[in-house]
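Chain by chain, the residues run as shown.
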Amino acid sequence: MKREKSFIFSLCVIAGIVLFAGAPATFAAGPYTQIGTIAVPGGLTQFDIFWVDPASDLAYLADDGSSKGAGAVDVFDVHSDKFLYKIGLGTFAGLFDATHCCNGPTGVWPVTQQGVLWAGNGNSTINVINLQRNEITQIINTGGKNRADEMAYDPKDHLMIIGNSSEPTVNFLTVLNTDTNLIQGTINYPNSTGLEQPVWDSLAERFYVPIDGTTSEVDVIDPTQVKGSCTISTGPNCGVTSQVFVPSCASISGMALLPNEQLMLSCGTILKMPAGSIVQTYQTSSGGAISGDQIYYNPGDNSVYWPSPGNFVVDLTTQKVSTLNPSKPGSHVIMANPNNNHIYLPSPACGCIEVFGPVSDYPSGFTPFVH
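Please read all numbers here as calculations on a predicted model, not as lab measurements.

A. Examining the sheet that holds strand S9 (residues 135–141) more closely. As summarised here, the arrangement of the four strands in space is S6-S7-S8-S9, forming an open sheet in which the pairing is antiparallel. Only two strands of the sheet have a single partner each, and these edge strands are strand S6 (108–111) and S9. Sheet twist, expressed as the mean angle between neighbouring strand axes with direction ignored, is 25°. Note: strand S7 (residues 116–120) against strand S8 (residues 125–130), five bridges, orientation antiparallel. Paired with Val 116 across the two strands is Asn 130, which belongs to S8.

B. Structural context of the sheet that holds strand S28 (residues 335–337). The strand order across the open sheet formed by five strands is S28-S29-S30-S1-S31, and the pairing between neighbours is mixed. With partners counted over all chains shown, the strands left at the sheet margins are S28 and strand S31 (369–370), one partner each. Across two bridges, the pairing between strand S1 (residues 32–39) and S31 is parallel. Across the sheet, Thr 37 pairs through a bridge with Val 370, a residue of S31.

C. Looking closely at the packing of aromatic side chains. All chains considered together, the criterion is met by seven aromatic pairs. Seen in terms of ring centroids, Phe 50 and Phe 76 are 5.8 Å apart; in terms of plane orientation they differ by 65°. Their pairing is edge-to-face. Of the two residues, Phe 50 sits in strand S2 (residues 46–53) while Phe 76 sits in strand S4 (residues 68–77), which places them 26 residues apart along the sequence. Grouping residues by exposure puts Phe 50 and Phe 76 together as buried. For the pair Phe 76 and Phe 83, a centre-to-centre distance of 5.7 Å together with 75° between the ring planes defines the contact as edge-to-face. For Phe 76, a relative accessible area of 1% puts it in the buried group. Pairwise contacts between aromatic rings join Phe 50, Phe 76 and Phe 83 into one cluster. Sitting over the face of the ring of Phe 96, Lys 68 holds its NZ or CZ atom 4.6 Å from the ring centroid.

D. Region of the structure containing unusual backbone geometry. The amide bond that connects Gly 104 to the next residue, Pro 105, takes the cis arrangement and shows omega of 5°. Cis geometry is found at the peptide bond from Ser 308 to Pro 309, where omega equals 0°. Its place among the elements puts Pro 309 in the loop between strand S25 (303–305) and strand S26 (312–315). A positive phi angle, close to 55°, is found at Asp 57, a residue other than glycine. By the secondary structure assignment, Asp 57 is in the loop between S2 and strand S3 (58–65). In this structure, Asn 341 takes a positive phi of about 60° despite not being glycine. Secondary-structure assignment places Asn 341 in the loop between S28 and strand S29 (342–347).

Criteria and thresholds
Residues numbered from 1 in each chain as written. Predicted model: local features only at pLDDT ≥ 70, side-chain atom pairs only at ≥ 80, totals over all residues. Heavy atoms only, no water. Pairing = 2+ DSSP bridges. Helix = DSSP H or I, 4+ residues; strand = E, 2+ residues; numbered from the N terminus. Axes fitted to C-alpha atoms, helices over the stretch in contact; angles between N-to-C directions. Phe/Tyr/Trp six-rings, centres within 6.5 Å; stacked < 30°, edge-to-face > 60°. Buried < 20%, exposed > 50% of the residue type's maximum accessible area, 1.4 Å probe, protein only. Lys NZ or Arg CZ within 6 Å of the ring centre and 35° of its normal.

If you want it as structure tokens, here you go:
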């Protein structure tokens with residue numbers, strides 16, 4: 001399809017949007033109202049990361065399905081807000097067991113320069129998917145036992161980082177070269193209880209990775225220095241150039257990079273990176289703590305979105321905290337499309353995607369769509 005050609009340019013478009021996130025938008029922003037739902041064949045039971053490619057208006061959801069072997073990557077057109085197709089059905093682990101140690105797919109990431117999508121699977125493998133043929137072209141083993149989970153991409157050096165966050169012995173991060181699809185190095189974390197969603201900072205040329213354990217921290221990683229196998233316990237080494245400890249956060253799962261190298265944590269705290277000083281901590285409108293898993297920054301309206309619990313919205317322009325108020329409870333995943341400021345909340349309660357749009361675009365009396 002012609003649509004796939006636009007993948008080559010998406011990283012440049014994303015970078016441009018983030019760089020000019022403070023400029024006045026030419027389309028409406030929040031507050032938001034629920035404008036419709038997107039049905040997914042087979043429904044949504046268990047799922048993980050949700051990412052959008054603004055250049056193509058395509059979005060990718062790691063959908064574990066409802067049973068073993070039922071996993072797939074669900075693809076959506078987020079211009080027309082419709083489900084398109086599933087990729088890899090029958091080749092992913094699916095909903096493996098109640099512990100979620102071995103579900104798949106988990107993390108997803110479009111490597112747009114190469115026209116492929118990387119998707120973590122439940123048996124410590126990564127499926128590389130050709131986005132023109134919509135088929136798996138290579139399977140990479142990260143060397144663990146359980147799921148290869150969440151990932152981020154360094155487009156400068158063509159390096160992907162992915163975490164094995166639920167290993168029976170030692171959790172570890174893997175850095176891979178996307179030109180060769182070979183492992184460059186691993187960092188073992190014997191004291192961690194979780195390795196969560198990493199992000200790439202193109203200005204600092206560093207990955208930021210949240211490490212859960214006795215104390216929550218964000219590790220700053222130079223991926224070019226991660227070579228061979230190395231074990232980290234205390235103090236920076238193994239390509240970890242520094243560690244930022246955030247004792248005020250009980251745990252850090254999702255993170256989102258904001259303009260000016262500010263890093264929003266899932267607990268509502270903003271760090272100035274790469275030094276890691278605390279800029280601000282947001283609370284709910286009633287003064288309570290904010291928490292969540294995957295969080296999403298939308299440069300289209302300069303806001304950060306949290307999935308349940310709370311479905312919080314932090315408007316960074318007005319400094320206000322509000323909520324989406326979905327008709328059905330959501331889950332731990334949320335995504336935003338900066339091209340139209342639509343917000344997407346997968347919900348196991350309806351087995352669908354709940355879609356939200358700016359109130360100013362949808363006046364009172366409109367009929368919500370069902371696609």
